[in-house]
Amino acid sequence: MRHALALLGLLLLVGVTSAAQFHYAFYYNTLGERDLEISLISTVPDMSRYAIAVHDAYGAEIWSYSGELGPGASDVVSLRSRVAGIPYAWGVVTVESTGRFLIGLEYSVGGVLVSTDTVSSEVPVLDPTEPFWLGAYYTQVRDASTTYVLLNPWNESVTCTVTVFNSLGTPVDERQFTLAPFEAEDVGLTPILGHGSLLWGLLNVRMQGRSVILGLEYTGRGAGGLEVENVTQYYY
């Protein structure tokens, strides 16, 4: 019976993915005492089917689920209980859906809510002949620290270049990344840049062919221990 149910779940997941019109992705981390609660909210007047997949840092799928939501309805998933004890349980979550969703994210540590975010934009499909840029704010001023996480939301490899500028517009770090399908890479700026009064400003991601998602972790300087954000849309 369990094999039959597993096969049915797999067929439903494949069915939703093949029929999906919308593709969302965002950052998660369940290491240590961390957790992420995901609220899927349908914004369309019809029934919507969806499939959610969680990948570890190396891109392997470690948990998946499919379901459906009526008009204006919501569903909630807590990741820690699904992937507890799995090594490298951080990286990218993808959501495929037949209708447009809002996705509420609650990041917690030790059962205490530390940050919220809302994803409303799909992962963009790029013109392969043109470069595109994602941008985000970073700060290494006083005790503030920023970690950026590059996420590949596609079943294909992607390449991008990240340049960090100080507040005067001078590049202070640049590096290129090639990510395997659904792989993630995190970079803490403190070991690279340290701290300084001019170390804040633009964190710039150049991409072409396939888009990446940018997760950000801010600590210190009144961030309440940890603040998490997702950047999905390019600015140019």
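Preceding this paragraph is the structure being described.
Just so it is clear, the structure is predicted and the values come from calculations on it, not from any experiment.

**Here we look at the overall build of the protein chain**
Move 1: The number of helices and strands found in the protein chain is 3 helices and 16 strands.
Move 2: Expressed as lengths along the three principal axes of its C-alpha atoms, the size of the protein chain is roughly 60 × 45 × 35 Å.
Move 3: Counting across all 236 residues of the protein chain, residues that qualify as buried make up 47%.
Move 4: Surface summary for the protein chain: the accessible area is close to 11,100 Å², and the carbon and sulfur share equals 54%.

**Details of a nonpolar patch on the surface**
Move 1: A grouping of Leu 202, Tyr 235 and Tyr 236 is seen on the molecular surface, where their side chains present a nonpolar patch of about 360 Å² in accessible area.
Move 2: Among the structural elements, Tyr 236 can be located in the segment after strand 16 (227–231).
Move 3: On the basis of relative accessibility, which here comes to 62%, the residue Tyr 236 falls in the exposed class.

**Observations regarding the sheet that holds strand 7 (residues 101–109)**
Move 1: Strands sit in the order 5-2-7-8 across an open sheet of 4 strands; the sheet is antiparallel. Whereas interior strands pair on both sides, the edge strands pair on one side only; in this sheet they are strand 5 (74–78) and strand 8 (112–119). In this sheet, neighbouring strand axes are inclined to one another by 15° on average, regardless of whether the strands run parallel or antiparallel.
Move 2: Pairing of strand 7 with strand 8 involves 7 bridges; the strand directions are antiparallel. The partner of Ser 108 across the bridge, within strand 8, is Leu 113.

**Examining the nonpolar core**
Move 1: Ile 38, Ile 103, Tyr 148, Leu 150 and Leu 214 are the most contacted members of the largest nonpolar core, which totals 62 residues.
Move 2: Residues in contact with Ile 38, not counting those within four places in the same chain, are Phe 26, Ile 52, Asp 75, Val 76, Val 77, Leu 79, Val 93, Ile 103, Gly 104 and Leu 105.

**Here's the deal with the pattern of salt bridges**
Move 1: Scanning all chains against the criterion turns up 3 salt bridges.
Move 2: When the shortest N-O distance is used, the salt bridge between Glu 217 and Arg 34 registers 2.5 Å. Of this pair, Glu 217 sits in strand 15 (residues 213–219) while Arg 34 sits in strand 2 (residues 34–42), and the two are 183 residues apart along the sequence.
Move 3: Given a relative accessible area of 9%, Glu 217 falls into the buried group.
Move 4: Residue classification places Arg 34 among the partly exposed residues on the basis of a relative accessible area of 22%.
Move 5: Arg 175 serves as the salt-bridge partner of Asp 173, at 2.8 Å between the closest nitrogen and oxygen.
Move 6: Of the residues examined, Asp 173 reaches a relative accessible area of 11% and is grouped as buried.

**Re the pairing of strand 6 (residues 90–97)**
Move 1: A large share of strand 6 lies buried, amounting to 8 of its 8 residues.
Move 2: Where strand 1 (residues 22–29) meets strand 6, 8 bridges bridge the pair, whose relative direction is antiparallel. From the neighbouring strand, Phe 26 faces strand 6, where its bridge partner is Val 93.
Move 3: Strand direction decides the pairing type here: strand 3 (residues 48–55) and strand 6, joined by 5 bridges, are antiparallel. Note on strand 6: the bridge partner recorded for Val 54 is Val 93.

**Notes on the environment of Leu 126**
Move 1: Tracing the backbone shows Leu 126 in the loop between strand 8 and strand 9 (131–139).
Move 2: Along the primary structure Leu 126 and Tyr 234 are separated by 108 residues, whereas in three dimensions their C-alpha atoms are 9.6 Å apart.
Move 3: Once residues lying within four places of it in the same chain are set aside, the contact partners of Leu 126 are Phe 132, Met 207, Gln 208, Gly 209, Arg 210, Ser 211 and Tyr 234.

**Notes on the sheet that holds strand 1**
Move 1: The antiparallel open sheet is built from 4 strands, whose spatial order is 1-6-3-4. Because the sheet does not close on itself, it has two edges, and the strands there are strand 1 and strand 4 (61–69). Across the sheet, the mean angle from the axis of one strand to that of its neighbour is 15°, orientation sign disregarded.

**Re empty space enclosed by the protein**
Using a probe with the size of a water molecule, rolled over the atoms, empty space left in the structure can be pinpointed.
Move 1: Evaluated as defined, the whole model comprises 1 cavity of 30 Å³ or more.
Move 2: For the largest cavity, the calculated volume is near 50 Å³.
Move 3: Lining the largest cavity are Tyr 27, Asn 29, Arg 34, Asp 35, Tyr 107, Ser 108, Val 109, Val 114, Leu 226 and Val 228.
Move 4: When residues of the lining of the largest cavity are traced back to their parent elements, those giving at least two are strand 1, strand 2 and strand 7.
Move 5: With 3 residues, strand 7 is the largest single contributor of residues to the lining of the largest cavity.
Move 6: Class assignment of the residues belonging to the lining of the largest cavity gives a composition of 6 nonpolar, 2 polar and 2 charged.

Criteria and cut-off values
- Residues numbered from 1 in each chain as written.
- Predicted model: local features only at pLDDT ≥ 70, side-chain atom pairs only at ≥ 80, totals over all residues.
- Heavy atoms only, no water.
- Helix = DSSP H or I, 4+ residues; strand = E, 2+ residues; numbered from the N terminus.
- Buried < 20%, exposed > 50% of the residue type's maximum accessible area, 1.4 Å probe, protein only.
- Areas by Shrake-Rupley, 256 points an atom, 1.4 Å probe, with all protein chains shown as cover.
- Patch = residues over 30% accessible without salt bridge, like charges linked within 9 Å, V, L, I, M, F, W, Y side chains within 5 Å.
- Salt bridge = Lys/Arg side-chain N within 4 Å of Asp/Glu carboxyl O.
- Pairing = 2+ DSSP bridges.
- Axes fitted to C-alpha atoms, helices over the stretch in contact; angles between N-to-C directions.
- Core = buried A, V, L, I, M, F, W, Y, C linked by side-chain atoms within 4.5 Å.
- Contact = heavy atoms within 4.5 Å.
- 1 Å grid on protein atoms, 1.4 Å probe; cavity = no way out; pocket = protein on both sides within 12 Å on 5 of 7 lines; lining within 4 Å.
- Points joined across faces, edges and corners; volume = space filled by probe spheres on them.
- Nonpolar A, V, L, I, M, F, W, Y, C, P; charged D, E, K, R; others polar.

Any functional reading would require information beyond the geometric quantities listed.
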